[in-house]
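Structural description and commentary
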Amino acid sequence: MENFYKLSAVEIKEKISKGEIKSEDVVKEIFERIEKIDGKIGSFVHLRKEKALKEARRVDEKVKNGEKLGTLAGIPVTIKDNMVSEGDVTTSCSKILEGYTGIYDATAVKKLKEADAVIIGITNMDEFAMGSTTKTSCYKKTKNPWDTERVPGGSSGGAVASIAAQEAFISLGSDTGGSIRQPASFCGVVGLKPTYGRVSRYGLMAFASSLDQIGPVAKNVADIALCMNVIAGEDDYDATVSKKEVPDYTEFLGKDIKGMKIGVPKEYFIDGIKEDVKKVMDESLEKFRELGAEIVEISLPHTKYAVPTYYVLAPAEASSNLARFDGVRYGYRSKDIKNIDDLYINSRTEGFGDEVKRRIMIGTYVLSAGFYDAYFKKAQKVRKLIKDDFDKAFENVDIIFTPVSPSTAFKLDDVKTPIELYLEDIFTISANLAGIPGISIPAGLAEGLPVGIQLLGKPFCEGELIQAGNAFEKIRGEWKLPVID
């Protein structure tokens, strides 16, 4: 075995393009690794072995013939189970969509294929992206590669675990309230939530349409920049995508951050943060000072309302979006039916999991005639106040520094109430409500478990986050992923 899996996406791309290695050999090794270790981790729900090998051979043929190669030529990537891929089973890890096969490619998936990436498999997730543990999947529980008795985070737990376990080089996740950044922190990899409208959502199975955003997960910031060059940009199929020009994100790599103003919001450093997590935050801020950045204390006064605001708006949108799964057109249909009411009620009762039902009921309640003004309308007003806080802060700072999560990954068998689980997203939700970009970067260990820092940026300023994150990686030093045999 060549141990290709230890390399970065940038390194793999360079070696393939120079003809030093073959994509087919890399893909074969990755599948051998998946067969060997994924039983312990559970990153995948579907594999595309034959299709992937065919795609890899096509790349090798291009190299041999001197043809132009795509940006991700020959690189094994994974996609979350809520992005439609033509001819592949796509279920959002739900029983209600069991057996559904994509009849087209989501725009982000299409762009990966056009960039000559090799999609090796579909990753596990919380059902319909609702959760922060990857325990609500209808298939299995994904485990944290650093400690298989702990959660990987969620809802993109399978996508993130596939990178942390070195079963792929880049993965696409989705982030509605922290679903890329929180698991990235728990699993010690890099995860980016782009600005709302930077990456097309066409073909992404909707949870909360005004909050959902597709983003990349990778071993390092350079690989994130490489992927963003492919997936970012306008799309005729998604009216919410910005037509704003996409920069070359790799040009932000290697730039110093001397003089960059980094805001530290006092509302994010609360009593609930574990002491060893806070220690990593303090040490990371000191590293930014060493890099020449100016650290500025700021205030985001409406932060305390972010979680309740999110858990009014997101379930409301979910209630509307998931109404389409009725047992009539596609997906699961109950066998125990006598009339049309039975068809709807029994199919949805049997097809949806507990967390999805909980959010549908909350959403239906807050949208009902008697409560719309009291809850949904008021939450929209608070959302505007949260966005205004960020706009005001960014008048004085370039980026904002916060923790990703108040703790490290918790045990799989820890019994947490829904409210306790919702509070796991306390530091990530605001970015989705405001529509701004955020990145999680591994910064250190607390009791042997990874801790990530979160950098938040102005709308469409992912480049600055890549610049600051890349500079931080260099001063942080080499980051080693867990050894899994």
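Residues numbered from 1 in each chain as written. Predicted model: local features only at pLDDT ≥ 70, side-chain atom pairs only at ≥ 80, totals over all residues. Heavy atoms only, no water.

Assignment of secondary structure puts Glu 355 in helix H11 (residues 354–367). Using a relative accessible area of 12% as the deciding quantity, one classes Glu 355 as buried. Among the polar contacts listed, one links the side chain of Glu 355 to the side chain of Arg 358, at a separation of 2.3 Å. (Helix = DSSP H or I, 4+ residues; strand = E, 2+ residues; numbered from the N terminus. Buried < 20%, exposed > 50% of the residue type's maximum accessible area, 1.4 Å probe, protein only. Polar contact = N/O pair within 3.5 Å; in protein donor to acceptor, adjacent residues only side chain to side chain.)

For the rest of this paragraph, the subject is helix H7 (residues 221–231). The element H7 is largely enclosed, with a buried count of 10 among its 11 residues. Buried within H7 are the following residues: Val 221, Ala 222, Asp 223, Ile 224, Ala 225, Leu 226, Cys 227, Met 228, Val 230 and Ile 231. Residue Asn 220 occupies the N-cap position of H7, its side-chain oxygen lying 3.2 Å from the main-chain nitrogen of Ala 222. Phi for Gly 233, located one or two positions after H7, is positive at around 125°.

So, about the pairing of strand S2 (residues 76–80). Along a regular strand, successive side chains alternate from one face of the sheet to the other. Burial runs high along S2: five of the five residues are buried. Along S2, one buried face is formed by Pro 76, Thr 78 and Lys 80 and the opposite face, lined by Val 77 and Ile 79, is buried too. Where S2 meets strand S3 (residues 118–123), five bridges bridge the pair, whose relative direction is parallel. Along S3, the bridge assignment pairs Val 77 with Ile 119. After leaving S2, the chain enters helix H4 (residues 107–114) and then returns to the sheet as S3, a path that is right-handed. Across three bridges, S2 lies against strand S4 (residues 170–174) in parallel orientation. Residue pairing in the sheet places Val 77 in a bridge with Ile 170 of S4. (Pairing = 2+ DSSP bridges. Right-handed = clockwise from strand over helix to strand, strands pointing away.)

What follows concerns empty space enclosed by the protein. According to the stated counting rule, one finds three cavities of 30 Å³ or more in the structure shown. Here the largest cavity is characterised by a volume of approximately 70 Å³. Each residue belonging to the lining of the largest cavity can be placed in one class, and the counts come to five nonpolar, eight polar and two charged. (1 Å grid on protein atoms, 1.4 Å probe; cavity = no way out; pocket = protein on both sides within 12 Å on 5 of 7 lines; lining within 4 Å. Points joined across faces, edges and corners; volume = space filled by probe spheres on them. Nonpolar A, V, L, I, M, F, W, Y, C, P; charged D, E, K, R; others polar.)

Moving on, we get to the layout of surface pockets. Considered as a void within the structure, the largest pocket measures approximately 600 Å³ in volume. Residue lining of the largest pocket: 25 residues in total, with Lys 6, Lys 219, Glu 478, Trp 479 and Lys 480 positioned closest to the centre. Listed by contribution, the elements that provide at least two residues to the lining of the largest pocket are helix H1 (9–17) and helix H15 (462–476). The element contributing the most residues to the lining of the largest pocket is H15, with three residues.

The next point concerns the nonpolar core. In this structure, Ile 120, Phe 288 and Phe 390 are the most contacted members of the largest nonpolar core, which totals 140 residues. Here this core takes nine residues from helix H9 (residues 306–321), the largest share from any one element. Apart from residues no more than four positions distant in its own chain, Phe 288 is found in contact with Ile 257, Ile 262, Ala 293, Ile 295, Phe 401, Ile 453, Leu 455, Ala 468 and Phe 472. (Core = buried A, V, L, I, M, F, W, Y, C linked by side-chain atoms within 4.5 Å. Contact = heavy atoms within 4.5 Å.)

Our next topic: the packing of aromatic side chains. Here the distance between the centres and the angle between the planes together describe a pair of aromatic rings. Applying the stated criterion across every chain, the model contains 15 aromatic pairs. Relative to Tyr 375, the ring of Tyr 365 lies with its centre 5.9 Å away and its plane at 55°, an arrangement referred to as tilted. Of this pair, Tyr 365 sits in helix H11 while Tyr 375 sits in helix H12 (residues 372–393); the two residues are 10 residues apart in sequence, bridging distant segments of the chain. Among the residues examined, Tyr 365 registers a relative accessible area of 40% and is labelled partly exposed. Take Tyr 375: its relative accessible area is 35%, and that puts it in the partly exposed class. (Phe/Tyr/Trp six-rings, centres within 6.5 Å; stacked < 30°, edge-to-face > 60°.)

One pass over the full model with this rule turns up 22 salt bridges. Where Lys 49 meets Glu 35, a salt bridge forms, and the shortest distance between an N and an O atom there is 3.1 Å. One end of the pair, Lys 49, is in helix H3 (residues 49–65); the other, Glu 35, is in helix H2 (residues 23–41), with 14 residues separating them in the sequence. Given the relative accessible area of 56%, Glu 35 is considered exposed. Between Glu 286 and Arg 289 there is a salt bridge, with its nearest N and O atoms 3.4 Å apart. Separated by three residues within a single helix, Glu 286 and Arg 289 lie in helix H8 (residues 275–290), roughly one turn from each other. (Salt bridge = Lys/Arg side-chain N within 4 Å of Asp/Glu carboxyl O.)

The UniProt record annotates "domain: Amidase" (unreviewed entry) at residues 25–465. From the first C-alpha to the last, residues 25–465 spans 34 Å; its make-up is 37% helix and 14% strand. (UniProt positions renumbered as here; feature names shortened; annotations may be inferred.)

Attention now moves to the packing of H2 against H3. The contact between H2 and H3 brings their axes to 8 Å, and the two run at 155°. For the element pair H2 / H3, the angle class is roughly antiparallel. Residue-level contacts link Ser 23, Glu 24, Val 27, Lys 28, Phe 31 and Glu 35 of H2 to Lys 49, Ala 52, Leu 53, Ala 56, Arg 57, Val 59 and Asp 60 of H3. Of the residues that constitute the contact of H2 with H3, the class distribution is six nonpolar, one polar and six charged. (Axes fitted to C-alpha atoms, helices over the stretch in contact; angles between N-to-C directions. Parallel < 35°, antiparallel > 145°, perpendicular 65-115°, else oblique.)

Positionally, Gly 435 belongs in the loop between helix H14 (429–434) and strand S10 (438–446). Given a relative accessible area of 12%, Gly 435 falls into the buried group. The spatial distance from the C-alpha of Gly 435 to the C-alpha of Met 260 is 22 Å, given a sequence separation of 175 residues. When near neighbours in sequence (up to four residues on either side) are disregarded, Gly 435 contacts Lys 193, Thr 195 and Tyr 196.

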